[in-house]
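# Remarks on the overall topology
Here's the letter readout for the chains.
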Amino acid sequence: MLSTITAAAGRILISEPFMLDPNFKRSVVLLTEYADTGAVGFILNHPGEYLLGDVLPDTAYSEIPVYTGGPVGENTLHFIHKCPDKIDDGIEICDGIFWGGNFETVKQLISTYQLDNSEIKFFTGYSGWEIGQLEEELRENAWIVSDKFTAENIFSSNEQTIWREAIINMGQRYAHIANFPENPELN
């Protein structure tokens with residue numbers, strides 16, 4: 001296996017450089033739940049087609065991007081944030097990063113310009129794995145697991161560099177992977 005770190009909530013999955021599945025090509029997935037029953041996470045670097053105002057038309061601040069969290073439940077809206085002092089009832093998934101919370105509070109904070117995309121990230125859909133599915137993909141080297149990602153990386157709006165930064169943050173053993181071309185046939 002490429003990964004020497006085990007999967008767990010709060011860790012990221014970095015797709016191997018030549019993954020063919022278009023849903024996960026050059027993806028970085030934040031795992032929000034990892035249990036015997038399966039795993040759930042959100043793709044951090046796949047911008048969606050919509051801004052928040054398109055999804056929630058009654059929200060005044062409409063410029064917050066909505067990301068494609070994964071191919072499951074694409075008609076659902078989820079969010080992660082780093083402001084538990086503003087948003088109650090979120091589940092802490094790693095140090096200072098929370099999943100969900102009081103959605104009415106979130107809408108109010110956004111409408112009054114008290115939250116921006118450096119503090120919160122929205123997703124349509126999610127990435128999900130059934131019992132044993134993620135472990136099998138890890139054995140097949142489809143993913144690299146990392147715990148070397150910061151809140152700054154997670155809430156970055158520079159989607160083009162998140163995958164590369166995640167690889168480089170893994171250290172010298174992995175850094176060369178960041179330079180692999182997307183399509184080796186064009187090399």
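Residues numbered from 1 in each chain as written. Predicted model: local features only at pLDDT ≥ 70, side-chain atom pairs only at ≥ 80, totals over all residues. Heavy atoms only, no water.

### Some points on the overall build of the protein chain
Along the protein chain, the regular secondary structure elements total six helices and ten strands. In summary, the protein chain has a C-alpha radius of gyration of 16 Å against a globular reference of 16 Å for 187 residues, a match within 12%. Its C-alpha atoms put the protein chain at 45 × 40 × 30 Å along the principal axes. Buried positions account for 46% of the 187 residues belonging to the protein chain. Carbon and sulfur atoms make up 48% of the accessible area of the protein chain, which totals about 9500 Å². Side chains of the protein chain give 11 positive and 28 negative charges; the mean places of these two sets differ by 8 Å. (Helix = DSSP H or I, 4+ residues; strand = E, 2+ residues; numbered from the N terminus. Rg over C-alpha atoms; globule rule 2.2 N^0.38 Å. Buried < 20%, exposed > 50% of the residue type's maximum accessible area, 1.4 Å probe, protein only. Areas by Shrake-Rupley, 256 points an atom, 1.4 Å probe, with all protein chains shown as cover. Lys, Arg positive; Asp, Glu negative; His and termini not counted. Charge placed at Lys NZ, Arg CZ, Asp CG, Glu CD.)

### Topic: the pattern of salt bridges
One pass over the structure, following the stated rule, counts four salt bridges. A salt bridge links Glu-104 to Lys-107; its shortest N-O distance comes to 3.4 Å. Here Glu-104 pairs with Lys-107, and both are found in helix α2 (residues 103-111), just three residues apart, close to one helical turn. Of the charged contacts, one joins Lys-148 and Asp-147 as a salt bridge, the two residues approaching to 3.8 Å between their closest N and O atoms. In this structure Lys-148 comes out as partly exposed when scored by relative accessible area, which is 45%. Overall, Asp-147 belongs to the partly exposed group, its relative accessible area being 40%. (Salt bridge = Lys/Arg side-chain N within 4 Å of Asp/Glu carboxyl O.)

### Notes on the packing of aromatic side chains
Summed over all chains, the structure comprises eight aromatic pairs. Seen in terms of ring centroids, Phe-79 and Phe-103 are 6.0 Å apart; in terms of plane orientation they differ by 35°. Their pairing is tilted. Taken together, the positions of Phe-79 in strand β6 (residues 72-81) and Phe-103 in helix α2 put the pair 24 residues apart, joining distant regions of the chain. Here the basic side chain of Arg-26 rests over the ring of Trp-163, its NZ or CZ set 4.2 Å away from the ring centre. Between Lys-121 and the ring centre of Tyr-67, over which it is positioned, the NZ or CZ distance is 4.4 Å. (Phe/Tyr/Trp six-rings, centres within 6.5 Å; stacked < 30°, edge-to-face > 60°. Lys NZ or Arg CZ within 6 Å of the ring centre and 35° of its normal.)

### Side note on the environment of Ile-177
Of note, Ile-177 is situated in the segment after α6 (172-175). You can call Ile-177 buried: its relative accessible area is 6%. Between the C-alpha atom of Ile-177 and that of Ile-167, which follows or precedes it by ten residues, the distance is 7.0 Å. Ile-177 has contacts with Pro-17, Ile-144, Trp-163 and Ile-167, leaving out every residue within four places of it along the chain. (Contact = heavy atoms within 4.5 Å.)

### Description of the side chain of Ser-156
With respect to the secondary-structure elements, Ser-156 resides in the loop between α4 (151-154) and α5 (159-169). Residues contacting Ser-156, with those up to four places away along its chain left out, are Tyr-67, Lys-121 and Ile-162.

### Regarding α5
Listed in full, the buried residues belonging to α5 are Glu-159, Ile-162, Trp-163, Ala-166 and Ile-167. Seen end-on, α5 carries its buried residues on one side only, within an arc spanning 125°. Gly-171 lies just past α5 and shows a positive phi near 105°. (Arc of directions from axis to C-beta.)

### Thoughts on α2
By the burial criterion, the buried members of α2 are Val-106, Lys-107, Leu-109 and Ile-110. Buried residues of α2 fall within an arc of 165° about the axis and therefore sit on the same side. Buried residues in α2 make contact with α1 (52-55), β6 and β9 (120-129). For α2, the capping residue at the N-terminal end is Asn-102, with a side-chain oxygen 3.0 Å from the backbone nitrogen of Glu-104. Tyr-113 sits one or two positions beyond α2 and adopts a positive phi of about 60°. (Polar contact = N/O pair within 3.5 Å; in protein donor to acceptor, adjacent residues only side chain to side chain.)

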